[in-house]
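# Observations on the three-dimensional arrangement
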Amino acid sequence: MINRRTFGTALGTGAAAASLTGPLGLPTASAAAPNAAAPHRAATSAAPGTHTAFPRMKQVRAGLLDVGYAELGPARGPAVICLHGWPYDIHSFVDVAPLLAEEGYRVLVPYLRGHGTTRFLSDRTFRNAQQSAVALDIIALMDALKIEKAVLAGFDWGSRTADIIAALFPERCKALVSVSGYLITNLKANLEPIAAKAEHTWWYQYYFATERGRQAMEDRTHRLELTRLVWETVSPTWDFDDATFERTAAAFDNPDYADIVIHNYRWRLSLADGERRYDGFEKRLAARPYIEVPTITLDPERDPFTAPGNGSTYRDRFTGAYEHRTLEGIGHNLPQEAPTAFAQAVVDVDHF
C-alpha cells in the first residue's frame, strides 16, 4: 500500500479533492498544474472488465530474477511499463494494456518479485523486498529487454517503484504516471506515530509485524481471506466478482510471496533489515529526491489512503512538467477500476 508517513501527515489538512473532466469524461489539468500540456485524446476506451486475460506472456532472466511479464503492442513501439501493487498483480492492467497497445505503445506488465511466474534465480538469494531492490528489478528488466527509456506507470508498490526510478535514474524514465503521488518510503519518519485514524487504516501492516501475520500469508485460506478483505476495504465502490479476484489471487501462490510481503512491510517499520548492497540507494532516497521527469499524479477519491488536499502534500517533490488529477468514485486499484482514465494519463504525459 501507499507511504504510511505521507498519508498520516496529510490526514485532516485539507478538504476532499475535486476533479475536472474533459470531453471524454476523463480528468484534465487541475489549477495546481500550470506546467501541464493540453491532454492528448486517446483513440479508444474500455469499460472495467472488458478483458480477463493477456494474450501473450513471456519470461526473461533479468538481474536476480526470471521475470514473468505480459507484452502487448508493436515490438518497436515506444515502451510503457505498468507496475502493480499489493495485494494485486498484472491483472490490474488487463484493460489498460490493450488501450495503450492500440495507441502504438509496446506495453510491458511484469510480475514483481514474489508474484506470479517471477522467480528468483538462486535459492540462496535473500528474499528482500526493500524499495530499492524492487526498483532495481525493473532496471534489470529494461536492460534484459534492451529498453533504454520507458514511460513508467504504477500504483501502490508500483508507484513507489516508478517514483524511485524517476528520481534516481531519470535517464531511464521518459515520463511518469504515479497513483497517490510521491510514495518513496522514509524509514526515519515511519518510526514516529501518526494520527489514530491513519494507524487504523494500516492495520495489516502491524499484523504482518507478528508471526501470526506471517502464518496468515503462508496459509492459502487465510491469505485469500485477508487479501480479499483489503480489496473490499480500499475499493469500496468497485463491484468485482469472484472470478476477477481469483485471477489475481493465483499470483499469490508464488513460493516466495509470503517472504516478500512480510519483508516489505516489516522493512518499512525498521523491523527487518535490508541488504548492504542497497545502502547507497537508500541513503539517496532518504533525502527525498526531487522527480524532474514529466509527471501526472492520480488520486483515487474513494481510496481511504488518499490524502486530502488535491495532491498538495507532495506537489513540491515534482519539479518538471506536471499535472494532478483526482478520480471521483474510484478506489485504490485505480488502473483496474478506471482503465480508460489511467491509459489516458499515460498518453497525455507522453505528450508533455
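Below: a short report on this structure. No experiment lies behind these values; they were computed from the predicted model shown.

### Re the overall build of the protein chain
Tallying secondary structure elements over the protein chain gives 13 helices and nine strands in all. In the protein chain, which comprises 352 residues, the proportion classed as buried is 60%. Nonlocal contacts in the protein chain, meaning residues at least 24 apart in sequence, comprise 80% of its contacts between residues at least 6 apart. Accessible surface, the protein chain: about 13700 Å² in total, of which carbon and sulfur atoms supply 51%.

### A short note on the layout of surface pockets
What the second largest pocket holds in volume is close to 210 Å³. If you trace the second largest pocket, you find 14 residues lining it, with Pro48, Gly49, Thr244, Arg247 and Gln336 closest to the centre. Residue classes in the lining of the second largest pocket are distributed as four nonpolar, six polar and four charged.

### Observations regarding the packing of helix 3 (residues 131-144) against helix 4 (residues 157-168)
In helix packing, the relevant descriptors are the interaxial angle and the interaxial distance, both defined with respect to the helix axes. At their nearest, the axes of helix 3 and helix 4 sit 9 Å apart, and the two run at 75° to each other. Taken together, the axes of helix 3 and helix 4 are roughly perpendicular relative to one another. From helix 3, Gln131, Ser132, Val134, Ala135, Ile138 and Ile139 reach across to helix 4, where they touch Arg160, Thr161, Ile164 and Ile165. Taken together, the residues of the contact of helix 3 with helix 4 sort by class into six nonpolar, three polar and one charged.

### Notes on the packing of aromatic side chains
A complete count under the given rule lists 25 aromatic pairs for this structure. On the numbers, 5.4 Å between centres and 20° between planes, the contact of tyrosine 88 with tryptophan 231 is stacked. One end of the pair, tyrosine 88, is in the loop between strand 3 (79-83) and helix 2 (96-102); the other, tryptophan 231, is in helix 8 (residues 220-234), with 143 residues separating them in the sequence. Overall, the relative accessible area of 0% leaves tryptophan 231 in the buried class. Note on phenylalanine 318 and tyrosine 322: the rings are 5.3 Å apart at their centroids and 25° apart in plane angle, and the pair reads as stacked. The exposure classification of phenylalanine 318 matches that of tyrosine 322, with both residues buried. Within the aromatic cluster, the residues linked to one another by ring pairs are Trp86, Trp157, Trp202, Trp203, Tyr204, Tyr207, Phe208, Tyr265 and Phe305.

### Structural notes on the side chain of asparagine 264
You can see asparagine 264 is positioned in helix 10 (residues 257-268). Within polar-contact distance, the side chain of asparagine 264 engages the side chain of arginine 268 at 2.9 Å. Once you skip the residues sitting within four places of it in the chain, asparagine 264 turns out to touch Ala129 and Trp157.

### Here we look at helix 13 (residues 339-349)
A large share of helix 13 lies buried, amounting to eleven of its eleven residues. Along helix 13, the residues classified as buried are Pro339, Thr340, Ala341, Phe342, Ala343, Gln344, Ala345, Val346, Val347, Asp348 and Val349.

### Focus on the pattern of salt bridges
Taken as a whole, this structure holds 18 salt bridges when the rule is applied. Across the salt bridge formed by aspartate 137 and arginine 113, the nearest N and O atoms sit 2.6 Å from each other. Of the two residues, aspartate 137 is situated in helix 3 and arginine 113 in the loop between strand 4 (106-110) and strand 5 (119-120); the sequence distance between them amounts to 24 residues. A relative accessible area of 8% means that aspartate 137 is categorised as buried. Two residues, arginine 325 and aspartate 348, come together in a salt bridge whose shortest N-O distance is 2.6 Å. A residue pair is termed long-range when its members are at least 10 positions apart, and arginine 325 in strand 9 (residues 322-327) and aspartate 348 in helix 13 qualify at 23 residues. Arginine 325 gets classed as buried once you look at its relative accessible area, which sits at 1%. A cluster of three or more residues bridged by salt bridges with shared partners is formed by Glu211, Arg214, Glu218, Asp259 and Arg266.

### Here we look at the pairing of strand 4
The buried count for strand 4 comes to five of five residues, which makes it a mostly enclosed element. Because side chains alternate across strand 4, one face comprises the buried residues Arg106, Leu108 and Pro110, and the other comprises Val107 and Val109, equally buried. Here strand 2 (residues 65-72) pairs with strand 4 via four bridges, running antiparallel. The partner of alanine 70 across the bridge, within strand 4, is valine 109. Sheet topology places strand 3 next to strand 4; three bridges connect them, and they run parallel. Within strand 4, the residue paired with isoleucine 81 across the bridge is leucine 108. For the handedness criterion, the β-α-β arrangement of strand 3, helix 2 and strand 4 is classed as right-handed.

### Quick look at the environment of alanine 338
Looking at the element boundaries, alanine 338 is found in the loop between helix 12 (334-337) and helix 13. Residue alanine 338 is classed as buried on the basis of its relative accessible area, which comes to 12%. Taking the C-alpha atoms as reference points, alanine 338 and proline 300, 38 residues apart in sequence, are found 9.5 Å from one another.

### Considerations on the nonpolar core
Core analysis: the largest hydrophobic core is formed by 103 residues, its most contacted members being Trp86, Leu100, Val109, Phe208, Met217, Leu298 and Phe342. Ignoring anything within four residues of it in the chain, the contact list for leucine 298 reads Val177, Ser178, Val179, Ser180, Arg325, Leu327, Leu334, Phe342 and Ala345.

Calculation notes
Residues numbered from 1 in each chain as written. Predicted model: local features only at pLDDT ≥ 70, side-chain atom pairs only at ≥ 80, totals over all residues. Heavy atoms only, no water. Helix = DSSP H or I, 4+ residues; strand = E, 2+ residues; numbered from the N terminus. Buried < 20%, exposed > 50% of the residue type's maximum accessible area, 1.4 Å probe, protein only. Contact = heavy atoms within 4.5 Å. Areas by Shrake-Rupley, 256 points an atom, 1.4 Å probe, with all protein chains shown as cover. 1 Å grid on protein atoms, 1.4 Å probe; cavity = no way out; pocket = protein on both sides within 12 Å on 5 of 7 lines; lining within 4 Å. Points joined across faces, edges and corners; volume = space filled by probe spheres on them. Nonpolar A, V, L, I, M, F, W, Y, C, P; charged D, E, K, R; others polar. Axes fitted to C-alpha atoms, helices over the stretch in contact; angles between N-to-C directions. Parallel < 35°, antiparallel > 145°, perpendicular 65-115°, else oblique. Phe/Tyr/Trp six-rings, centres within 6.5 Å; stacked < 30°, edge-to-face > 60°. Polar contact = N/O pair within 3.5 Å; in protein donor to acceptor, adjacent residues only side chain to side chain. Salt bridge = Lys/Arg side-chain N within 4 Å of Asp/Glu carboxyl O. Pairing = 2+ DSSP bridges. Right-handed = clockwise from strand over helix to strand, strands pointing away. Core = buried A, V, L, I, M, F, W, Y, C linked by side-chain atoms within 4.5 Å.

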